[in-house]
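# Overview (structure and organization)
Here is what each chain is made of, one letter per residue.
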Amino acid sequence: QVQLVESGGGLVQAGGSLRLSCAASGRTFSGAAMGWFRQAPGKEREIVAVISASGGSTYYADSVKGRFTISRDNAKSTVYLQMNSLKPEDTAVYYCALAPRSRNIVVHTTNYDYWGQGTQVTVSS
C-alpha cells in the first residue's frame, strides 16, 4: 500500500513563491511517474505537472509552464513542486499522485491509483 502526504501549502501574495512536498511510503515510488494536480472550487481537477520515474522527463500544463518546477528525490521518496510568480488563479487544493503502472509521463487521472489528501494554496491579489 502506498501513502502520499503533501505539505507546504499556505497563503501567499501574488508574485510570491511556495514549495510543495509530497512524501511517499511504500516500495513503488522510484519506479513510478508522479504527478501534481489541482482543483479550484467549482472546477474539475486538472493536471499541473508530471515527472517520470527517473526524473529525466517532465510535463507542465501551459498555465504553469515557466513558473512551476517539478522534481523528485528517489532516495527520499519525495516529489516537489516549486511554484514561483504565483497568481490568484493558482489558488486551489493541490494533490500529488502516483502512477504505479507508468514509468513515463502520463497525464490522465485514470493512470494514478494513489492520491494524497491535498494541501491548500491560496494566492491573494
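Everything discussed here concerns the structure shown above.
To start, this report covers the structure provided alongside it. Counting of residues starts from 1 at the beginning of each chain's written sequence and follows it residue by residue. At least 70 in pLDDT is required for a residue's local features to be given in this predicted model, at least 80 for side-chain atom pairs to be given and counted, and no such filter applies to totals for whole chains, interfaces and linings, which use all residues. Side-chain numbers come from the whole structure's heavy atoms, not from hydrogens or water.

### So, the nonpolar core
Soluble globular proteins: nonpolar side chains tend toward being buried together. Inclusion rule: Here the nonpolar core consists of buried residues drawn from Ala, Val, Leu, Ile, Met, Phe, Trp, Tyr and Cys, with membership extended through side-chain atoms lying within 4.5 Å. The buried label goes to any residue with under 20% of its type's maximum accessible area, the exposed label to any with over 50%, and the partly exposed label to all in between, with areas taken from a 1.4 Å probe on protein chains only. Think of it this way: any DSSP run of H or I at least four residues long counts as a helix, any run of E at least two long counts as a strand, and we number them from the N terminus.
Of all hydrophobic cores here, the largest spans 30 residues; its most connected members are W36, L81, M83 and Y94. Taken together, the elements giving at least two residues each to this core come down to strand 3 (18-25), strand 4 (33-39), strand 5 (46-51), strand 7 (68-73), strand 8 (78-83), strand 9 (92-99) and strand 11 (119-124). Judged by nonpolar contacts, the second largest core, of eight residues, contains F37, V50, V106 and Y112.

### Concerning the side chain of D90
Selection rule: Definition of a polar contact: a pair of N or O atoms within 3.5 Å, with one able to donate and the other able to accept a hydrogen when the atoms are protein atoms, and with sequence-neighbouring residues admitted only if both atoms are side-chain atoms.
Along the chain, D90 turns up in the loop between strand 8 and strand 9. A polar contact is formed between the side chain of D90 and the backbone nitrogen of K87, at a distance of 2.8 Å.

### A closer look at the pairing of strand 1 (residues 3-7)
What counts is decided by this rule: Two strands form a pair only when DSSP identifies at least two bridges running between them.
Side chains L4 and E6 of strand 1 all project onto a buried face; the interleaved residues Q3, V5 and S7 project onto a face where none is buried. By the bridge criterion, five bridges tie strand 1 to strand 3 in an arrangement that is antiparallel. The partner of Q3 across the bridge, within strand 3, is S25.

### Things to note about the pairing of strand 8
Of all six residues in strand 8, five are buried; the element is thus mostly enclosed. One ladder, built from six bridges, connects strand 3 with strand 8; its direction is antiparallel. Within strand 8, the position partnered with L20 by the bridge is L81. Bridging between strand 7 and strand 8 involves six bridges; their strand directions are antiparallel. Paired with I70 across the strands is L81, a residue of strand 8.

### Concerning the packing of aromatic side chains
Selection criterion: Each Phe, Tyr or Trp ring, with Trp reduced to its six-membered ring, pairs with another whose centre is within 6.5 Å; inter-plane angles below 30 degrees give stacked pairs, above 60 give edge-to-face pairs, and intermediate values give tilted ones.
By the definition in use, this model includes three aromatic pairs. Judged by centre distance (4.9 Å) and plane angle (55°), the rings of F37 and W115 are tilted. Here W115 lies in strand 10 (residues 114-115) and F37 lies in strand 4, a separation of 78 residues in the sequence. According to the relative accessible area criterion, F37 is buried, its value standing at 1%. Through a chain of ring-to-ring contacts, the aromatic side chains of F37, Y112 and W115 assemble into a single cluster.

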